[in-house]
Protein chains: 2
Amino acid sequence: MGKQHIRTVWIIEDSRGFAGSLAELINSTESLSCQQVFHSCEDALVCIERDSPPDIILMDIGLPGMNGIEGIKRIKALVPAVQVIMLTVFEDNENIFLAIRAGASGYLHKSATLDSIIDSLESILVGGAPVNPNIARKILAMFAQTHETKTDYGLSSREKEVLQHLMEGLSKKQIADKLFVSHNTIDTHLRNIYTKLQVNSRVNAVTKALKENIL
Amino acid sequence: MGKQHIRTVWIIEDSRGFAGSLAELINSTESLSCQQVFHSCEDALVCIERDSPPDIILMDIGLPGMNGIEGIKRIKALVPAVQVIMLTVFEDNENIFLAIRAGASGYLHKSATLDSIIDSLESILVGGAPVNPNIARKILAMFAQTHETKTDYGLSSREKEVLQHLMEGLSKKQIADKLFVSHNTIDTHLRNIYTKLQVNSRVNAVTKALKENIL
DNA sequence: CCCTCATTCCCGCGTTCGCGTGATTTTGCC
DNA sequence: GGCAAAATCACGCGAACGCGGGAATGAGGG
């Protein structure tokens, strides 16, 4: 078998002891190489433009100076291909949420064993997203919540169709033309929709439809 | 040490061989007990009302008859406390999405080793959500997408305020009264908002604001 | 000092909307 | 075959809206 391509890893972590042992372990792994350890995002950002960027970055969220969330945004803006794994002691929804939106590919708790962190690095190289189960639970909960249960207001299929076009911003006349009916018909549908959704304006109907995911 | 409380597991899986070896392994695990194996959701739903429900259900998505997505909805409706882990060969976004929204607490691929499934069962009991890394990747991507980067359209603070009230469904006059200005002023603000958001109607402005999370 | 930008206000025209009230046809179901 | 629900169409009124103009004010920066 030919030797595998060696993947490069950077660590951004202010605890020198933790960063050091992590780097050591990575370098003792055949397919991985940790060439750089930074103790702040600012340092890493300087290097990432000058040197060739790594494949993976392990980053702490609670860093002095620029925090990890802001750091990941900047790094991803410069090098979108880099995979960033967040290492954190925080498990609050806000941080998880922000990190994911900023483009994190993984989210591990600092209590993770060094071995499991190595596993995560390998997992990310094959298209996975290593996520601590407790954190995954929160992500699932957030996901289920933001796309929460759509209440059924008993809209007929035709009414849903009208509502759909309403959300696209079409006027009564435009909807009428699309559905090959008269504008009076659309008017009636609209009023029935208003009644069923218990609203009294176009905007209210649309906001309700969007927020409660009525399609 | 006192003996740990034994957690009960049900399996809903049409492949009898797979279900059997899984059940065997679960029963050979000290803290777990698999008492029931079903080959369809319908069967399980009958039992869940009659017998005492389990702590965890391992469920296939691709079942004959009622599929797993519908199954999880019904089960959660009857027994919200039960934790459901999806076992699937599907990795498409639609199924993942639906399962999460239906209340799944975990999402594993069928290629997972039996041992790792046991690990997952234990993980779920301590508040985790075992998710296959590849699937986790898709979830993260979906999450990042649905809550995508809010573009800044350069709205002034006053305009944001007007937009906010717009989303509440207030009329120009009503907004004017709330902000102690004339309706003409609101009119101007609206037109400026339309220009900045590149829309030409109330509804379009509101949908854009909601979808892109402008607050 | 001037220029820009945000904010405020005003007028008018034509269109659309919300809503009340009516009717007819089509569809599905018992 | 009959009945209820859904879908279709119609008229009219008053209000709100989109959009085109124009203009005054004040705060902040080059």
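Described below are features of the structure shown in this document. All figures in this text were calculated on a predicted structure; none of them were measured in a lab. (Residues numbered from 1 in each chain as written. Chains lettered and ligands numbered in written order. Predicted model: local features only at pLDDT ≥ 70, side-chain atom pairs only at ≥ 80, totals over all residues.)

**Let's talk about the pairing of strand β3 (residues 56–60) of chain A**
Residue and element names in this part refer to chain A.
Here comes step 1: Burial runs high along β3: 5 of the 5 residues are buried.
Here comes step 2: Across the two faces of β3 the burial is the same, with Ile56, Leu58 and Asp60 and Ile57 and Met59 all buried.
Here comes step 3: Two elements, strand β1 (residues 7–12) and β3, share 4 bridges in a ladder whose sense is parallel. Counted as the bridge partner of Ile11 is Leu58 from β3.
Here comes step 4: In the sheet, β3 pairs with strand β4 (residues 83–88) via 5 bridges, with the strands oriented parallel. Note that in β4 the partner of Met59 across the bridge is Met86.
Here comes step 5: Following the backbone out of β3, through helix α3 (residues 68–78) and into the adjacent parallel β4, one traces a crossover that is right-handed. (Buried ≥ 20, exposed ≤ 12 C-beta atoms within 10 Å, placed from the backbone. Helix = DSSP H or I, 4+ residues; strand = E, 2+ residues; numbered from the N terminus. Pairing = 2+ DSSP bridges. Right-handed = clockwise from strand over helix to strand, strands pointing away.)

**Observations regarding helix α1 (residues 16–27) of chain B**
Residue pairs three or four apart in sequence face the same way in an α-helix, which turns once every 3.6 residues.
Residue and element names in this part refer to chain B.
Here comes step 1: In a regular helix each residue adds 1.5 Å, so 12 residues correspond to 16 Å; α1 covers 16 Å between its end C-alpha atoms and thus fits that length.
Here comes step 2: For α1, the complete set of buried residues consists of Ala19, Leu22, Ala23 and Ile26. Within α1, the buried residues cover an arc of 100° as seen down the axis, which keeps them to one side. Exposed residues on α1 whose side chains face more than 90 degrees from its buried face are Gly17, Ser21 and Glu24.
Here comes step 3: Lining the buried residues of α1 we find β1 (7–12), β2 (32–38), β3 (56–60) and α5 (114–125). (Expected span 1.5 Å × (residues − 1). Arc of directions from axis to C-beta. Contact = placed C-beta atoms within 7 Å.)

**So, the protein's contact with DNA strand D**
Here comes step 1: Residues in close proximity to DNA strand D total 20 residues, the closest being Ser156(A), Arg158(A), Val181(A), Lys172(B) and Arg202(B).
Here comes step 2: Secondary-structure elements contributing two or more residues to the surface near DNA strand D are α7 (157–167) and α9 (183–197) of chain A together with α8 (172–179) and α9 (183–197) of chain B.
Here comes step 3: Looking at the surface near DNA strand D residue by residue, the class counts come to 3 nonpolar, 11 polar and 6 charged. (Near = placed C-beta within 6 Å. Nonpolar A, V, L, I, M, F, W, Y, C, P; charged D, E, K, R; others polar.)

**A closer look at the packing of helix α8 (residues 172–179) of chain A against α9(A)**
Helix-helix packing: each pair is described by the crossing angle between the helix axes and the interaxial distance.
Residues and elements named next belong to chain A.
Here comes step 1: Running from N to C, α8 and α9 point in directions that differ by 110°, and their axes come no closer than 8 Å. With respect to α9, the axis of α8 lies roughly perpendicular. Along its contact with α8, which presents Lys172, Lys173, Ile175 and Ala176, the element α9 presents His183, Thr185, Ile186 and Asp187.
Here comes step 2: Each residue belonging to the contact of α8 with α9 can be placed in one class, and the counts come to 3 nonpolar, 2 polar and 3 charged. (Axes fitted to C-alpha atoms, helices over the stretch in contact; angles between N-to-C directions. Parallel < 35°, antiparallel > 145°, perpendicular 65-115°, else oblique.)

**Re the relation of the copies chain A and chain B**
Here comes step 1: Expressed as a screw operation, the relation of chain A to chain B combines 0.5 Å of axial shift with a rotation of 180°, fitting to an RMSD of 1.0 Å. When the rotation and shift are considered jointly, the pair of chain copies conforms to a two-fold rotation axis. Proximity to the rotation axis, assessed at the C-alpha, singles out Val203(A) in chain A; its C-alpha lies 2.9 Å from the axis.
Here comes step 2: When the interface residues of chain A are mapped onto chain B, 100% of them again lie at the interface, so the same face is used by both copies. (Least-squares fit on C-alpha atoms with pLDDT ≥ 70 in both.)

**Digging into unusual backbone geometry**
Here comes step 1: A positive phi angle, close to 55°, is found at Gln198(A), a residue other than glycine.
Here comes step 2: In this fold, Gln198(A) is placed in the loop between α9 and α10 (202–211).
Here comes step 3: Look at Gln198(A) and you get exposed, because 10 C-beta atoms sit within 10 Å.
Here comes step 4: The phi dihedral of Phe180(B) falls on the positive side, at around 55°, and the residue is not glycine.
Here comes step 5: Inspection of the secondary structure assignment puts Phe180(B) in the loop between α8 and α9.
Here comes step 6: Given 7 C-beta atoms within a 10 Å radius, Phe180(B) is considered exposed.

**Observations concerning the protein's contact with DNA strand C**
Here comes step 1: Contacts to DNA strand C come from 21 residues, most closely from Lys172(A), Arg202(A), Ser156(B), Arg158(B) and Val181(B).
Here comes step 2: Counting residues per element, the ones that place at least two in the surface near DNA strand C are α8 and α9 of chain A together with α7 (157–167) and α9 of chain B.
Here comes step 3: A per-element tally of the surface near DNA strand C places α9(A) first, with 5 residues.
Here comes step 4: Its residues assigned to classes, the surface near DNA strand C shows 3 nonpolar, 11 polar and 7 charged.

**Comments concerning the environment of Leu170(A)**
Residues and elements named next belong to chain A.
Here comes step 1: On the secondary structure map, Leu170 appears in the loop between α7 and α8.
Here comes step 2: Residue class for Leu170 comes out partly exposed when judged on the 19 C-beta atoms lying within 10 Å of it.
Here comes step 3: The contacts of Leu170, once residues within four sequence positions are left out, are His165 and Ile175.

**Quick notes on the nonpolar core**
Here comes step 1: Within the largest apolar cluster, 83 residues are counted, with the highest numbers of intra-cluster contacts made by Ala99(A) and Ala99(B).
Here comes step 2: Among the elements that make up this core, the one with the highest residue count is helix α6 (residues 133–146) of chain A (5 residues).
Here comes step 3: Ala99(B) has contacts with Ile61(B), Ile69(B), Ile72(B), Met86(B), Ala104(B) and Tyr107(B), leaving out every residue within four places of it along the chain.
Here comes step 4: By size, the runner-up hydrophobic cluster in this structure holds 26 residues, among which are Val206(A), Ala209(A), Val162(B) and Leu166(B). (Core = buried A, V, L, I, M, F, W, Y, C linked by C-beta atoms within 7 Å.)

**What about the sheet that holds strand β5 (residues 106–109) of chain A?**
All names here are of chain A.
Here comes step 1: Here 5 strands make up an open sheet; going across it, the order is β2-β1-β3-β4-β5 and the pairing parallel. Of all the strands in the sheet, just β2 (32–38) and β5 have a single pairing partner and so form its edges. The average angle at which neighbouring strand axes cross in this sheet is 20°, direction not considered.

**Concerning the interface of chain A and chain B**
When the parts come together, some accessible area is lost, and that loss is often what is quoted as the size of the interface.
Here comes step 1: Facing 29 residues of chain A, the contacting portion of chain B comprises 29 residues.
Here comes step 2: Mapped onto the side of chain A that touches chain B, the elements with two or more residues apiece are α4 (93–102), α6, α7 and α10 of chain A.
Here comes step 3: The dominant element in the side of chain A that touches chain B, judged by the number of residues it contributes, is α6(A), at 9 residues.
Here comes step 4: Considering only residue class, the side of chain A that touches chain B consists of 15 nonpolar, 11 polar and 3 charged.

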